[in-house]
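# Survey of secondary and tertiary structure
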Amino acid sequence: MTRNRRNITQSIKVASIFKVVVSTSILATAGLSYVYLKNQLHQYGEIQRRLEYELTEIRTANEGVRAQITQLSSRGIIEKKLAKNSLGLLPIASDQIVRLNQRHDGAGDELRVVSNRGFNQ
Amino acid sequence: MSWNAQARAVTVCFGLVGLFSVYSVRLIDLQVVEHEKYTALAAEKHNHKQIIYARRGIIRDAHDEALAENVPVKTVVADASHIRDRMAVATAIANQLEMDPRDIADKLNQIGKGSKHIVLKAEIPEQTAEKIRESLRVANLRGIYFDQDFVRVYPNGQMLSQVIGFIDHEHKGIMGIERTMQDFLQGVDGFRYIETDRTGKELVPYRGQENPAKDGCNVKLTIDLGLQNILETELDAACAEFKPKDATAIIMRPQTGEILAMASRPTFDPNKPGDAVPDQQKNRSVVDMIEPGSTFKIVTTSAVLEEKLVTPDTTVYCENGHFQYAGRVLRDAHPMGVLTVHQVLMKSSNIGVAKLALQLGETKLYEYIRRYGFGQRTGIALSGEITGLVNPPHRWSKLDITRIPMGQSVAVTPLQIISAMSSIANGGKLMKPMIVSEVTDDTGRKIAAFAPEMVRQVISTETARKITSALKDVVSKQGTAQKAAVPGFRVAGKTGTAQKVDPRGGYMSGRYVTSFVGFMPADDPRFTLLVLLDDPTAKEGEVYGGTVAGPIFSRMAEKAARYMDLKPTEEIPTQHVSFGQKKVAQSQSSRD
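If you're wondering where the values come from, they're calculated on a predicted model, not measured in any experiment.

Conventions adopted
Residues numbered from 1 in each chain as written. Chains lettered and ligands numbered in written order. Predicted model: local features only at pLDDT ≥ 70, side-chain atom pairs only at ≥ 80, totals over all residues. Helix = DSSP H or I, 4+ residues; strand = E, 2+ residues; numbered from the N terminus. Contact = placed C-beta atoms within 7 Å. Nonpolar A, V, L, I, M, F, W, Y, C, P; charged D, E, K, R; others polar. Expected span 1.5 Å × (residues − 1). Buried ≥ 20, exposed ≤ 12 C-beta atoms within 10 Å, placed from the backbone. Pairing = 2+ DSSP bridges. Axes fitted to C-alpha atoms, helices over the stretch in contact; angles between N-to-C directions. Domains from an automatic or database assignment. Parallel < 35°, antiparallel > 145°, perpendicular 65-115°, else oblique. Left-handed = near helix turned anticlockwise from the far one by under 90°. Core = buried A, V, L, I, M, F, W, Y, C linked by C-beta atoms within 7 Å.

### Quick notes on the overall build of chain A
The helix and strand tally for chain A stands at 3 helices and 0 strands. For chain A, the sequential pattern of α-helices and β-strands runs α-α-α.

Below, the structure written as structure tokens:
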């Protein structure tokens, strides 16, 4: 009787349950992590795509503005504006230019005392 | 369990097994048997090769002023697989595209017959693209995308147009620098394999192979836009005054062969190449050949001096303007008697130079013509350069030995003339004309640099000095080009007045190609300048190189000297001075 009772005793196998719970948790965590990381990957991919797009747009806009500046500051446009606004600028005649020759005698190359104040006292 | 219950259970089990077996078979069919087909289908729908466009290089002048730029634009593309309501999409974007909604709808309806993509409009500005995006966002529509593109713009319009050239719709250079430097300028497009979701949005984690674009290199020219502006303004004024059939002007740095400015008339706007006729697109400096006329006399004169057959003081009898040779009469513009070799060049005597050529002989004359670079391409980086026409002596007629020295029976390009004159200016060295100075990549790193290249020593420095001495006197009261003089500077140059060749044979009466080519300051040349007008209209008896091209040279050279800040070497005659200016001048002189 005692023997039979012992045989039919359905004790809780804690170790087995623990093993199942742990392995299931690991599997579940791995699965969820996989999904989470995959979502993260897509999210960062989306951010990367958006940033790349913005960067391209900025570069393109920059190029556009640069081309516009070049056009507006081009010689042809400036000449037209000059003619249109009639500033009345006239080139200086050749006989009205005074040219100053540079001195080549070496004078001025040596170090000179600019002021003696303070040295002679 | 009764039999019926057991039978029912078995039946259900078999049913389930059968059902799952069907699913399994279908799964195997999809995943294994039809795998390739569906993979290809998915790839076609979701995988794309995205082109990363390379930016075309910029063309700049010697001072980094942009001559050709890129303006970014968008190409509007519709994707059929993402459009549900075609009319709604057409209505949403019609305004911005300035198109009729029905035309857009018609275009959209064509999608699917050949390709699922269709280009609705090309070259729309960035701002318009942004407005279209906003309209679609507000209406919650999709299926319209934008491809990045660019249009080439030439900020200076007509200025330097024949030198720079233009590109076609495939961004390939058609002429000028755009064509010759195409390999450097074009860059290499990159690509990226991408995967998209059902809405067409890229799935970045599934990006495939990627190859970045390599932008085109920037090309720097030897052209100085300041000098170019002077040249073009004066050439326009000359064309308005003399109404020639066409005109050409070139400025070259004689010591290096660098082209500082180059212009031809008629001209065109490279921003609208379709509006131009081929005649306007010609860069006459390299694609036109003309009989050079008297400018060619420098060849014979320098040759006889170099060969030491004569000295500048050797005398030549010029037959009083009437020289019979090989049954034909050769005349001078004005009858002349005995002239020195120096005077033959100074007074541009046809008979004098013909007699010098007879003394030199056919073979030697031909040798010197070739040594000066006539009859061969200069090798400049411009498209369509021609060789000109110089026949070898065995094809000469008996008369040619007297006609070639005065620039008849030969055909040369304007660039060849200025190169020859530059070789006199620099002491006898023929320099290869250069127009590109360097090529850099988008980071500014030098890819190629072009150094001045001497082709050959044509004549000795001593001979060049003797010729220069005579050319200086050409621009004097005794010479043929007094009007080419520049106040404050000594100019050396040679006039040319060639009768126009009649395509039917012979020469046209009263129609000329007038030219002047010279350098300045004569004793330390900073530039060589050529002015050439084909068939100018002027008073009878005034159509000469000295009277037509000479004054144009003078105006151009004076402005060029001012621009280059050349110090005058001669006294400047006082010109018209206004009252206020006179006071300044007087006070200045009192200080001196």
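### Describing the interface of chain B and chain A
Tallying the contact residues gives 28 residues for chain B and 22 residues for chain A. For the side of chain B that touches chain A, the secondary-structure elements that each account for two or more residues are strand 3 (66–79), strand 5 (144–153), helix 9 (225–242) and helix 20 (579–591) of chain B. When residues of the side of chain B that touches chain A are assigned to their parent elements, the largest contribution, 5 residues, is made by strand 3 of chain B. Residue composition of the side of chain B that touches chain A, by class: 14 nonpolar, 10 polar and 4 charged.

### Details of helix 17 (residues 414–425) of chain B
Residue and element names in this part refer to chain B. Helix length check: helix 17, at 12 residues, gives a terminal C-alpha distance of 17 Å against a target of 16 Å (1.5 Å per residue), a fit within 8%. Within helix 17, 12 of the 12 residues are buried, leaving the element largely enclosed by the surrounding structure. Inspection of helix 17 places Pro414, Leu415, Gln416, Ile417, Ile418, Ser419, Ala420, Met421, Ser422, Ser423, Ile424 and Ala425 among the buried residues, and these make up the whole buried set. Directly after helix 17, the chain includes glycine 427, whose backbone phi takes a positive value near 95 degrees.

### Concerning the sheet that holds strand 21 (residues 527–534) of chain B
Residue and element names in this part refer to chain B. Judged by pairing direction, the sheet is antiparallel, and its 5 strands sit side by side in the order 10-9-21-20-19 without closing on themselves. Each of the sheet's edge strands pairs with one partner strand only, and the pair in question is strand 10 (258–265) and strand 19 (492–501). The average angle at which neighbouring strand axes cross in this sheet is 10 degrees, direction not considered. Pairing between strand 9 (residues 246–253) and strand 21: 7 bridges, direction antiparallel. Bridging from a neighbouring strand, isoleucine 251 pairs with leucine 529 of strand 21. Sheet strands touched by helix 18 (residues 461–474): strand 19 and strand 20 (507–520). Its angle to strand 19, the strand with the most contacts, is close to 75 degrees.

### Side note on the domain arrangement of chain B
All names here are of chain B. Segmenting chain B into domains produces domain 1 (49–221) and domain 2 (225–563). The distance between the C-alpha centroids of domain 1 and domain 2 comes to 47 Å. Taken residue by residue, the interface counts 29 residues in domain 1 and 27 residues in domain 2. For the side of domain 1 that touches domain 2, the secondary structure elements donating two or more residues are helix 6 (161–164), helix 7 (176–180) and strand 8 (218–221). Grouping the amino acids of the side of domain 1 that touches domain 2 by side-chain chemistry returns 15 nonpolar, 9 polar and 5 charged.

### Quick notes on the sheet that holds strand 7 (residues 210–211) of chain B
Across the sheet, 3 strands lie side by side as 1-6-7 (chain B); this open sheet has antiparallel pairing. A strand with exactly one partner marks an edge of an open sheet, and here the two such strands are strand 1 (47–52) and strand 7 of chain B.

### Thoughts on the packing of helix 12 (residues 297–306) of chain B against helix 14 (residues 350–360) of chain B
Residues and elements named next belong to chain B. With their axes 9 Å apart at the nearest point, helix 12 and helix 14 run at an angle of 50 degrees to one another. Between helix 12 and helix 14, the crossing angle belongs to the class labelled oblique. Every pair of crossing elements has a handedness; the one defined by helix 12 and helix 14 is left-handed. Listed contacts from helix 14 to Lys297, Thr300, Thr301, Ala303 and Val304 of helix 12 are Val353, Leu356, Ala357, Gln359 and Leu360. Here the contact of helix 12 with helix 14 is composed, by residue class, of 6 nonpolar, 3 polar and 1 charged.

### Notes on the nonpolar core
Residue and element names in this part refer to chain B. Ile250, Ile251, Val531 and Met556 are the most contacted members of the largest nonpolar core, which has 122 residues in total. Ranked by the residues each element gives to this core, the list is headed by helix 19 (residues 545–563), at 8 residues. Shared between two domains, this core holds at least three residues of each, these being domain 1 (49–221) and domain 2 (225–563). The residues contacting methionine 556, other than those within four sequence positions of it, are Ile230, Leu231, Glu234, Ala249, Leu529 and Val531. Formed by 16 residues, the second largest nonpolar core is a distinct cluster that contains Val73, Ala78, Ala129 and Phe150.

### Digging into the packing of helix 3 (residues 86–97) of chain B against helix 4 (residues 101–110) of chain B
Residue and element names in this part refer to chain B. At a minimum axis distance of 8 Å, the contact between helix 3 and helix 4 shows a crossing angle of 135 degrees. Relative to helix 4, the element helix 3 lies oblique. Considering only the axes of helix 3 and helix 4, their crossing is right-handed. Contacts between helix 3 and helix 4 pair Arg86, Met87, Val89, Ala90, Thr91, Ile93 and Ala94 from the former with Pro101, Ile104, Ala105, Leu108 and Asn109 from the latter. Broken down by class, the residue content of the contact of helix 3 with helix 4 amounts to 9 nonpolar, 2 polar and 1 charged.

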